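The primary structure of each chain is shown beneath.
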Amino acid sequence: MADIKVITSDFANLQISTPKMDISFGDKRFPKDLTISDLKAKLELTTGGSCQTMKIELYNKDNKLVASLDDDSQVLGFYPVEDGMRLHVVDKFLLTNEFDAENVPKFELSEDEYAKRGDTVKTFLMRNKMGKYNDDYMKNKEQQEAQEKALADSIKVGSRCKVTVSNVPTKLGTVMYSGNVDGLQGTWIGIKYDEPVGKHNGTVKGKSYFQCPDKYGGLVKPQCVEVGDFPEEDYYLNEEL
């Protein structure tokens, strides 16, 4: 009997999610020979989590847990990963502007005293050439952020758009905001949907980014947004039954 070979793609298109339910992430394309350690570094750019503390769970299209990607030395293809699956990033999401947490009392040292200590986060990152102390990491981060910013700049406020997020029905709406979101990495697009399929009214964690009726607003990454001639449909929401 002839040998049977199973050939799969070298890449996987995966959705990314976090416990922060008011934000949607689009699909990302990852090479299957990427180590889990390097995958965490890439997800740090997208989610704002820390590659040192985050845990990654793999879910299938039926939203069932398939595996925990807990071996940093393994490659992504070691796990039963397929297109359309979801990487769920679990973390405390404190690695924003070097572990800055709001409303938490801080023990403060002078810069000279802090620099003399050998047990600080900064010392650990510098010694292991991680985060902003890794030239390749910072160059890659800057390139991704520049590309995302350029894409966001091409999406003008007031434009009609279609929002496509993996495993979620396509939504039509109007662009209401383009810019940064407090506590999150990169650039975001604010959408007023034609239907009440959003998550808020344009206000997230007490800060207003745009205004719309409750449950009509959403914030998504620029990669999820397609601008075009998408006429608003009449959903007869005000008709009497």
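Preceding block: the structure.
Here goes a summary of the coordinates provided. Because the structure is a prediction, the values reported are computed rather than measured.

### Observations concerning the overall build of the protein chain
Of the regular secondary structure elements, the protein chain holds 4 helices and 13 strands. Sequence separation of 24 or more characterises 55% of the internal contacts of the protein chain that already satisfy a separation of 6 or more. Carbon and sulfur atoms make up 49% of the accessible area of the protein chain, which amounts to about 15,100 Å² in all.

### What about the environment of T170?
Considering the arrangement of structural elements, one finds T170 in the loop between β7 (160–163) and β8 (171–179). With 54 residues separating them in the primary sequence, T170 and C224 have C-alpha atoms 10.0 Å apart. Once residues lying within four places of it in the same chain are set aside, the contact partners of T170 are K162, V163 and T164.

### A closer look at the nonpolar core
Counting 19 residues, the largest nonpolar core has L14, F30, L39, L43, L69 and L87 as its most contacted members. When contributions to this core are tallied by element, the ones reaching two or more residues are β1 (11–17), α1 (36–47), β4 (55–59) and β6 (86–90). Leave out the neighbours within four places in its chain, and L69 touches I36, L39, K40, I56, L58, L76, Y79 and L87. With 12 residues, the next largest nonpolar core counts V163, V175, I191 and V220 among its residues.

### Some details on the packing of α1 against helix α4 (residues 135–153)
Taken N-terminus to C-terminus, the directions of α1 and α4 make an angle of 40°; their axes are 11 Å apart at the nearest point. Comparing their axes, α4 and α1 come out oblique. The element α1 and its partner α4 pack so that their crossing is right-handed. On the side of α1, the interface is formed by A41, K42, E44 and L45, while α4 contributes Y137, N140, K141 and Q144. For the contact of α1 with α4, a count of residues per class yields 3 nonpolar, 2 polar and 3 charged.

### With respect to the packing of aromatic side chains
Tallied over the entire structure, the rule returns 2 aromatic pairs. Its guanidinium or amino end placed over the ring of Y193, K171 lies 4.8 Å from that ring's centre, counting from NZ or CZ.

### A closer look at the side chain of T174
Mapped onto the elements, T174 comes out in strand β8. Relative accessible area serves as the criterion here: at 19%, T174 is assigned to the buried category. At 3.1 Å, the side chain of T174 and the side chain of R160 are in polar contact. The residues touching T174, leaving out its near neighbours within four places in the chain, are G158, S159, R160, C161, G190, I191 and K192.

What counts as what
Residues numbered from 1 in each chain as written. Predicted model: local features only at pLDDT ≥ 70, side-chain atom pairs only at ≥ 80, totals over all residues. Heavy atoms only, no water. Helix = DSSP H or I, 4+ residues; strand = E, 2+ residues; numbered from the N terminus. Contact = heavy atoms within 4.5 Å. Areas by Shrake-Rupley, 256 points an atom, 1.4 Å probe, with all protein chains shown as cover. Core = buried A, V, L, I, M, F, W, Y, C linked by side-chain atoms within 4.5 Å. Buried < 20%, exposed > 50% of the residue type's maximum accessible area, 1.4 Å probe, protein only. Axes fitted to C-alpha atoms, helices over the stretch in contact; angles between N-to-C directions. Parallel < 35°, antiparallel > 145°, perpendicular 65-115°, else oblique. Left-handed = near helix turned anticlockwise from the far one by under 90°. Nonpolar A, V, L, I, M, F, W, Y, C, P; charged D, E, K, R; others polar. Phe/Tyr/Trp six-rings, centres within 6.5 Å; stacked < 30°, edge-to-face > 60°. Lys NZ or Arg CZ within 6 Å of the ring centre and 35° of its normal. Polar contact = N/O pair within 3.5 Å; in protein donor to acceptor, adjacent residues only side chain to side chain.

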